[in-house]
Amino acid sequence: MADKEMRAVYAETLIELAKIDPRIVVLEADLMKASGTMVFKEAFPQRAIDVGVAEANMVSLAAGLAAEGKRPFAATFGCFASRRALDQFFVSCAYAKLPVKLVGTDPGISAAFNGGTHMPFEDLGIMRLIPGIDVVEPSDPVSLAGLLHALVDSERPGYLRLYRKAARPLYPQSETFSLGHGKLLRSGKDAVIVALGAIMVQEALDAAVLLAQQHIDVAVIDALSLKPLDIDLIVKWACTTGVVVTAENHQLAGGLGSAVAELIAEGKCGGQALQFGRVGIQDQFGEVGTQEWLKEHFGLTAKHIAATVQSLVAKRNQL
């Protein structure tokens, strides 16, 4: 399977689901072209609603539709989904236990030329704090389609962090996905990298190749689901290797690194001493630039991940 735009997969999968599930409705805040959902509107004109530049209103409308038995997917840029419409999502959707699926597009550095105001480095931390919701970030077209199927079936509210651009396929079409479960992409005995999202999972895999050249054998986990987190999978490989590094296109505070650090601090590996490190945004705002420049600028590359792993493996070996 060739690289394919994730937003195209998002729209095509919703069309496929909507053909058999009349509950599915798409809501947009003047960003149908950006989200790729114009094709959904063409297929189901009565089930596609563009509310204009009114994100809070969009989420409130989605709550009303969910209360009437619909499965709304409400999409906007991740900065607006997590910050501008937070109160409506928190109260009208999550507190009310309504299965609204909020979609935040252009996560982290993928916002690129939209710059700091549109570059959500904090959305996962915000959403992770909301009780009783699913928080997922697919890493490739196949996992996106699979997690969309899982979100439709879930009775919980959900937040889908959606990378819009083309992504390299990581999974065969036959792969299945479920909420709360990650995937082991590569096994290894010296360390484990737990990564989240299309950008950082690929960088983690590239880092594993770099580390193999240094005779460091690294496992790579695609977390896929931040909430619920796949505790069993992560703990298993943390205990097996003794070295854990997280990699995310997000602030170090509040996201994947924080979630995994909590597991380690809770002593899930018994008395075993673990070496732990995080790769992510270090308490910074976003900037304007190409995605490649931003990766280097914020330290989100394979070489940054590899250097972190290499340092921790050296510390472990000195014990």
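Our structure is the block above this text.
Residues numbered from 1 in each chain as written. Predicted model: local features only at pLDDT ≥ 70, side-chain atom pairs only at ≥ 80, totals over all residues. Heavy atoms only, no water.

Visitor: Where do I start with the packing of helix 4 (residues 55-67) against helix 6 (residues 86-95) in this structure?
Guide: The geometry of a pair of packed helices is captured by two quantities: the angle between their axes and the separation between those axes. Two numbers describe how helix 4 lies on helix 6: the axes approach to 9 Å, and their chain directions differ by 5°. Considering their axes alone, helix 4 and helix 6 lie roughly parallel with respect to each other. Of the residues in helix 6, those touching helix 4 at Ala56, Val59, Ser60 and Ala63 are Gln88, Phe89, Ser92 and Cys93. The residue inventory of the contact of helix 4 with helix 6, partitioned by class, reads 5 nonpolar, 3 polar and no charged. (Axes fitted to C-alpha atoms, helices over the stretch in contact; angles between N-to-C directions. Helix = DSSP H or I, 4+ residues; strand = E, 2+ residues; numbered from the N terminus. Parallel < 35°, antiparallel > 145°, perpendicular 65-115°, else oblique. Contact = heavy atoms within 4.5 Å. Nonpolar A, V, L, I, M, F, W, Y, C, P; charged D, E, K, R; others polar.)

Visitor: How do you make sense of empty space enclosed by the protein when you look at a structure like this?
Guide: Empty space among the atoms becomes apparent when a probe as large as a water molecule is rolled across them. Taken as a whole and assessed by the stated rule, the structure comprises 1 cavity of 30 Å³ or more. Put simply, the largest cavity is a space of about 30 Å³. For the largest cavity, the full set of lining residues is Pro107, Glu137, Tyr163, Leu196, Gly197, Ala198, Ile199, Met200 and Asn249. Looking at which element gives the most residues to the lining of the largest cavity, the answer is helix 9 (residues 197-212), with 4 residues. Broken down by class, the residue content of the lining of the largest cavity amounts to 6 nonpolar, 2 polar and 1 charged. (1 Å grid on protein atoms, 1.4 Å probe; cavity = no way out; pocket = protein on both sides within 12 Å on 5 of 7 lines; lining within 4 Å. Points joined across faces, edges and corners; volume = space filled by probe spheres on them.)

Visitor: Is there a simple way to think about the side chain of arginine 161 in this case?
Guide: On the secondary structure map, arginine 161 appears in strand 7 (residues 158-162). By relative accessible area, arginine 161 is classed as buried at 0%. Among the polar contacts listed, one links the side chain of arginine 161 to the backbone oxygen of asparagine 249, at a separation of 3.0 Å. (Buried < 20%, exposed > 50% of the residue type's maximum accessible area, 1.4 Å probe, protein only. Polar contact = N/O pair within 3.5 Å; in protein donor to acceptor, adjacent residues only side chain to side chain.)

Visitor: Even after reading the chapter, I still don't get the sheet that holds strand 14 (residues 275-281), so can you show me in this structure?
Guide: Sheet strands pair via backbone hydrogen bonds, and the direction of the pair is either parallel or antiparallel. Taken in spatial order, the 5 strands of this open sheet run 9-11-10-13-14, and their pairing is mixed. A strand with exactly one partner marks an edge of an open sheet, and here the two such strands are strand 9 (183-186) and strand 14. Within this sheet the neighbouring strands show an average axis-to-axis angle of 25°, counted without direction. Where strand 10 (residues 191-195) and strand 13 (residues 243-251) come together, 4 bridges link them in parallel fashion. By the bridge assignment, valine 192 is partnered in strand 13 with valine 244. The strands that helix 13 (residues 302-318) touches are strand 10, strand 11 (218-222), strand 13 and strand 14; relative to strand 14, the one it contacts most, it runs at about 165°. (Pairing = 2+ DSSP bridges.)

Visitor: Before we go on, may I ask you to explain the packing of aromatic side chains in this structure?
Guide: This model, assessed by the stated rule, comprises 4 aromatic pairs. Considering the side-chain rings of phenylalanine 40 and phenylalanine 44, the 5.3 Å spacing of their centres and the 40° angle between planes classify their relative orientation as tilted. You can call phenylalanine 44 buried: its relative accessible area is 16%. When the ring of tyrosine 171 is compared with that of phenylalanine 177, the centres are 5.0 Å apart and the planes differ by 85°; the resulting orientation is edge-to-face. Comparing tyrosine 171 with phenylalanine 177, the two get one shared label, buried. Positioned above the aromatic ring of phenylalanine 44 is the side chain of arginine 47, whose terminal nitrogen or guanidinium carbon lies 4.6 Å from the ring centre. (Phe/Tyr/Trp six-rings, centres within 6.5 Å; stacked < 30°, edge-to-face > 60°. Lys NZ or Arg CZ within 6 Å of the ring centre and 35° of its normal.)

Visitor: Help me understand the environment of phenylalanine 73, please; the structure alone is not making it clear to me.
Guide: Along the polypeptide, phenylalanine 73 turns up in strand 4 (residues 71-77). Once the C-alpha coordinates of phenylalanine 73 and proline 99 are considered, the two residues, 26 residues apart in sequence, prove to be 9.4 Å apart. Apart from residues no more than four positions distant in its own chain, phenylalanine 73 is found in contact with Tyr10, Leu14, Ile24, Val25, Val26, Leu27, Lys101, Val103, Leu148 and Val152.

Visitor: Explain the pairing of strand 4 here, please?
Guide: Counting buried positions along strand 4 yields 7 of 7 residues, so the element is predominantly enclosed. Pairing geometry for strand 2 (residues 24-28) and strand 4, over 5 bridges, is parallel. Paired with leucine 27 across the strands is alanine 74, a residue of strand 4. Two elements, strand 4 and strand 5 (residues 101-105), share 5 bridges in a ladder whose sense is parallel. When the sheet's bridge partners are listed, alanine 74 is paired in strand 5 with leucine 102.

Visitor: What is the right way to read the packing of helix 9 against helix 13 from this model?
Guide: Relative orientation of the contacting elements helix 9 and helix 13 amounts to 55°, with a least axis distance of 8 Å. In terms of orientation, helix 9 and helix 13 fall into the oblique class. Two packed elements cross with a definite hand, and for helix 9 against helix 13 that hand is right-handed. Of the residues in helix 13, those in contact with Met200, Glu203, Ala204, Asp206, Ala207, Leu210 and Leu211 of helix 9 are Ala302, Lys303, Ile305, Ala306, Val309 and Gln310. Considering only residue class, the contact of helix 9 with helix 13 consists of 9 nonpolar, 1 polar and 3 charged. (Left-handed = near helix turned anticlockwise from the far one by under 90°.)

Visitor: How do you make sense of the sheet that holds strand 12 (residues 225-227) when you look at a structure like this?
Guide: One open sheet accounts for 7 strands, arranged 3-2-4-5-7-6-12; its pairing is mixed. The open sheet is flanked by strand 3 (48-50) and strand 12, the only strands paired with a single partner. Sheet twist, expressed as the average angle between the axes of neighbouring strands with direction ignored, equals 20°. Two strands pair when backbone bridges link them, and strand 6 (residues 134-136) and strand 7 are joined in this way by 3 bridges, in the parallel orientation. What sits directly across from valine 136, in strand 7, is leucine 160.

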